[in-house]
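# A structural walkthrough
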Amino acid sequence: MSATKSHLVEQLKTGLDAPICLTWELTYACNLECVHCLSSSGRRDPRELTTDEAKAVLDELHDLQVFYINIGGGEPMIRRDFFELLEYSISRGIGVKFSTNGAFIDADKARRLAAMDYLDIQISLDGTDAVTNDAVRGEGSYDTAIRAMNHLRDAGFGEFKISVVVTRHNVDQLDEFKALADSFGAQLRVTRLRPSGRGADSWHDLHPTNAQQRQIYEWLLAHGDNVLTGDSFFHLNALGEEPLPGLNMCGAGRVVCLIDPIGDVYACPFVIHDEFKAGSVRDAGGFAHVWKHSELFAELREPQSAGACASCGSYDACQGGCMAAKFFVGIPLDGPDPECVGGHGEAAMLAASAIDRPRPMMDHSKPVRVATPERVPVTIGRR
Amino acid sequence: MDDTTVADADETTTALTDDLLDDELLVEEISIDGMCGVY
Amino acid sequence: MRRLLTPTPVSLLDHHLELDQQVALRPEPFGALAYHYGNRKLIFLKHPDVVRVVQALADHDTLADTLRACDIDPARWPSFERALASLTESEMLHERHEVAPR
């Protein structure tokens with residue numbers, strides 16, 4: 001890392017006076033039930049921010065000069081005021097990128113979206129064929145996503161993003177994902193699976209193996225020129241001499257954060273848990289007060305201890321990995337990343353007691369209905 | 001750069017900016033996607 | 001400054017630059033963030049002096065005039081030229097249409 005880049009990163013780690021951008025999950029409602037959903041979405045929370053509350057937040061973000069927001073959920077297009085909020089955000093000078101499964105992008109919506117400026121769209125996809133994708137995202141979700149992409153292309157939307165969570169089962173499809181994105185004139189984005197939300201349960205089966213992590217690292221170096229990663233693979237930098245492009249730092253609570261559907265502010269979308277809750281936009285002083293004065297964020301903006309990783313020569317490259325990944329598998333935050341490429345994560349996970357492992361606190365998963373032999377439907381909560 | 005111990009934040013900032021001047025890289029582009037912690 | 005015997009291309013110092021309308025400049029303790037809403041590029045201006053110069057461009061004729069007015073040591077002019085060339089390449093700055101200072 002160049003000297004100037006490390007200066008910049010050190011300054012960013014102490015936090016900015018306002019976020020550069022942030023993630024805003026508009027709703028916990030979703031038409032899908034992806035097995036790895038970071039927000040455990042499915043059912044709307046009755047405490048959701050109202051349209052007026054959401055606009056008040058946008059007014060605050062305008063005053064803070066937040067440049068753009070990443071809208072997600074759940075499925076954000078489910079909200080009845082989705083377009084109203086989109087247009088309001090843009091009118092207040094805040095660009096929007098929204099992440100969607102595509103179910104609500106028909107030809108008409110695609111044209112409406114194509115007519116808007118300062119708007120970016122990210123379609124989620126986790127496999128280059130229905131079998132691979134639908135195993136994670138549900139039956140029909142592959143077709144839904146492709147249909148949405150076709151509509152966007154036909155409407156002349158321009159370059160949209162295809163966002164992939166890399167798993168054990170789609171690692172071998174990276175070339176095909178790139179080709180798919182190229183065929184649509186879209187930009188590929190590949191991101192890391194964290195054991196967050198419903199991901200806590202599926203992580204052990206889905207996360208890439210050690211060999212696959214090396215595969216990802218090498219693929220990104222060889223083919224990742226125009227591929228975005230959300231800087232989510234910096235823990236792999238310890239694999240070699242050449243770091244992946246990006247700032248290689250955790251921005252949570254420092255330059256980015258999450259606003260959830262009921263207005264709670266968290267360090268990032270992968271740590272929806274009381275431990276990482278900074279406050280609420282409904283508190284006195286609103287979002288600005290939380291960003292500037294939250295105790296949690298002040299702590300995150302302090303220099304972080306390398307802890308157990310201090311003696312490891314790779315720490316400069318990997319920065320100890322991802323706090324969300326550590327937290328939800330029960331590893332202390334100054335311990336190794338569970339996917340530490342040096343293998344230190346495995347021992348740490350064994351040491352972590354199953355009793356101590358944090359459970360996701362906001363679970364909006366839809367209940368599972370099971371028909372008993374007597375045909376009496378029984379509702380069982382997902383967890 | 002002098003040898004005195006950097007005692008307070010102001011001096012640290014000056015030291016950093018002096019380094020920057022030596023390095024002569026006054027602007028830096030970062031990828032809008034290049035920040036871990038967002039979608 | 002060395003005199004060159006061969007004619008040189010017009011240096012950026014002689015250009016009349018201005019900040020693009022689609023750029024938001026957000027002051028930070030270390031300098032500023034510049035975000036271009038059109039091409040979505042994000043650039044860190046890493047020193048307060050660069051920020052001052054960019055903000056002063058509109059009030060002066062050429063870049064050289066601006067640097068002089070901002071009291072920038074001539075020894076630093078090459079790095080400022082590089083920085084503003086980089087900003088121009090990113091479309092954050094472009095050539096003004098009117099030449100006279102406002």
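Residues numbered from 1 in each chain as written. Chains lettered and ligands numbered in written order. Predicted model: local features only at pLDDT ≥ 70, side-chain atom pairs only at ≥ 80, totals over all residues.

## Quick notes on the overall build of chain A
Helices and strands together make up the secondary structure of chain A, namely 14 helices and eleven strands. Rg of the C-alpha trace for chain A: 20 Å, near the compact-globule value of 21 Å for 383 residues, within the 12% margin. Dimensions along the principal axes, computed over C-alpha positions, put chain A at roughly 55 × 55 × 45 Å. The proportion of buried residues among the 383 residues of chain A is 50%. (Helix = DSSP H or I, 4+ residues; strand = E, 2+ residues; numbered from the N terminus. Rg over C-alpha atoms; globule rule 2.2 N^0.38 Å. Buried ≥ 20, exposed ≤ 12 C-beta atoms within 10 Å, placed from the backbone.)

## Thoughts on the nonpolar core
The tendency in soluble globular proteins is for nonpolar side chains to be buried as a group. Within the largest apolar cluster, 137 residues are counted, with the highest numbers of intra-cluster contacts made by A:L22, A:I69, A:V256, A:C257, A:Y266, A:C268 and A:V271. If one sorts the elements of this core by residue count, helix 13 (residues 323–329) of chain A sits on top with six residues. (Core = buried A, V, L, I, M, F, W, Y, C linked by C-beta atoms within 7 Å.)

## Observations regarding the interface of chain A and chain B
Chain A puts 27 residues into the contact, and the matching count from chain B is 15 residues. Counting only elements with at least two residues in the side of chain A that touches chain B, the list comes to helix 1 (3–13), strand 1 (21–25) and strand 2 (68–72) of chain A. Counting residues per element, the side of chain A that touches chain B draws most heavily on helix 1 of chain A, which supplies four residues. Here the side of chain A that touches chain B is built from residues that sort into 15 nonpolar, eleven polar and one charged. (Contact = placed C-beta atoms within 7 Å. Nonpolar A, V, L, I, M, F, W, Y, C, P; charged D, E, K, R; others polar.)

## With respect to helix 10 (residues 286–293) of chain A
Residue and element names in this part refer to chain A. What helix 10 keeps buried is the set G286, F287, V290 and W291. Buried residues of helix 10, viewed axially, fall in a sector of 165°; they line one side. Tucked into the core, helix 10 has its buried residues touching helix 2 (51–64), strand 7 (258–259), strand 8 (264–266), strand 9 (277–280) and helix 11 (295–300). (Arc of directions from axis to C-beta.)

## Topic: helix 2 of chain A
All names here are of chain A. The terminal C-alpha atoms of helix 2, which comprises 14 residues, lie 20 Å apart, in line with the 20 Å expected from a rise of 1.5 Å per residue. Burial in helix 2 covers these residues: A54, V57, L58 and L61. Along the axis of helix 2, the buried positions cluster into a sector of 100°, meaning they face one direction only. Structurally, helix 2 contributes buried residues whose contacts are with strand 2, helix 3 (82–91), strand 7 and helix 10. Following helix 2 by one or two positions, Q65 has its phi on the positive side, about 65°. (Expected span 1.5 Å × (residues − 1).)

## Thoughts on the sheet that holds strand 2 (residues 23–28) of chain C
Spatially, the four strands line up as an open sheet ordered 1(B)-4(C)-3(C)-2(C), and their pairing is antiparallel. Each of the sheet's edge strands pairs with one partner strand only, and the pair in question is strand 1 (27–30) of chain B together with strand 2 of chain C. Each strand axis lies, on average, 20° off the axis of its neighbour in the sheet, ignoring direction. Where strand 2 of chain C and strand 3 (residues 31–36) of chain C come together, six bridges link them in antiparallel fashion. From the neighbouring strand, C:V23 faces strand 3 of chain C, where its bridge partner is C:H36. Sitting on the sheet, helix 1 (residues 48–56) of chain C touches strand 1 of chain B together with strand 2, strand 3 and strand 4 (42–45) of chain C, and the angle it makes with strand 3 of chain C is about 50°. (Pairing = 2+ DSSP bridges. Axes fitted to C-alpha atoms, helices over the stretch in contact; angles between N-to-C directions.)

## Observations regarding the sheet that holds strand 8 of chain A
Residue and element names in this part refer to chain A. One open sheet accounts for nine strands, arranged 6-5-4-3-2-1-7-8-9; its pairing is mixed. Only two strands of the sheet have a single neighbouring strand rather than two, namely strand 6 (187–192) and strand 9. Where strand 5 (residues 161–166) and strand 6 come together, six bridges link them in parallel fashion. In the strand pairing of strand 6, V166 is matched with R192.

## Regarding the interface of chain B and chain C
Listed per partner, the contact involves ten residues of chain B and 17 residues of chain C. If you list the elements that add at least two residues to the side of chain B that touches chain C, you get helix 1 (9–23) and strand 1 of chain B. The element best represented in the side of chain B that touches chain C is strand 1 of chain B, accounting for four residues. Sheet topology note: the strand 1 of chain B/strand 4 of chain C ladder contains four bridges and is antiparallel. What sits directly across from B:E28, in strand 4 of chain C, is C:F44.

## Side note on the packing of helix 2 of chain A against helix 10 of chain A
All names here are of chain A. Where helix 2 contacts helix 10, the two axes come as close as 8 Å, and the packing angle between them is 50°. The angle between helix 2 and helix 10 falls in the class oblique. Here V57, E60 and L64 of helix 2 lie close against helix 10, whose contacting residues are G286, F287 and A288. (Parallel < 35°, antiparallel > 145°, perpendicular 65-115°, else oblique.)

## Points about unusual backbone geometry
Residue and element names in this part refer to chain C. Look at R40: it is not a glycine, yet its phi comes out positive at around 65°. Tracing the sequence through the fold places R40 in the loop between strand 3 and strand 4. Judged by the 16 C-beta atoms lying within 10 Å of it, R40 falls in the partly exposed class. Even without a glycine there, the phi angle at E91 is positive, about 70°.

## Concerning the environment of B:C36
You can see B:C36 is positioned in the segment after strand 1. Judged by local crowding, B:C36 falls into the buried class, with 28 C-beta atoms found within 10 Å. For the pair B:C36 and B:L26, spaced ten residues apart in sequence, the C-alpha to C-alpha distance is 24 Å. For B:C36, the contacting residues outside a window of four places in its chain are A:G230, A:D231, A:S232, A:F234, A:M249, A:C250 and A:G251.

## Points about the confidence of the model for chain B
Where the model shows low pLDDT, its predicted coordinates should not be examined in detail. Residue and element names in this part refer to chain B. When pLDDT is averaged across chain B, the result is 60; 33% of the residues are at 70 or more. Below pLDDT 50 for its whole length, residues 1–9 participates in five contacts with residues either more than four positions away or in separate chains. Across residues 11–16, where pLDDT falls below 50, the model places five contacts with residues more than four positions away in sequence or in other chains. In the model output, the complex is listed with pTM 0.89 alongside ipTM 0.82. (pLDDT = per-residue confidence, 0-100.)

## So, the pairing of strand 3 (residues 95–100) of chain A
Residues and elements named next belong to chain A. In terms of burial, strand 3 is a largely internal element, six of the six residues being buried. Of the two faces of strand 3, the one lined by G95, K97 and S99 and the one lined by V96, F98 and T100 are each fully buried. Here strand 2 runs beside strand 3; their pairing, made up of four bridges, is parallel. Bridge pairing links I69 to V96 in strand 3. Once you follow strand 2 into helix 3 and on to strand 3, the crossover reads as right-handed. Bridge count between strand 3 and strand 4 (residues 119–124): five bridges; the pairing is parallel. Following the sheet pairing, S99 is matched in strand 4 by Q122. Tracing the backbone out of strand 3, into helix 4 (residues 107–114) and back to the parallel element strand 4 gives a crossover that is right-handed. (Right-handed = clockwise from strand over helix to strand, strands pointing away.)

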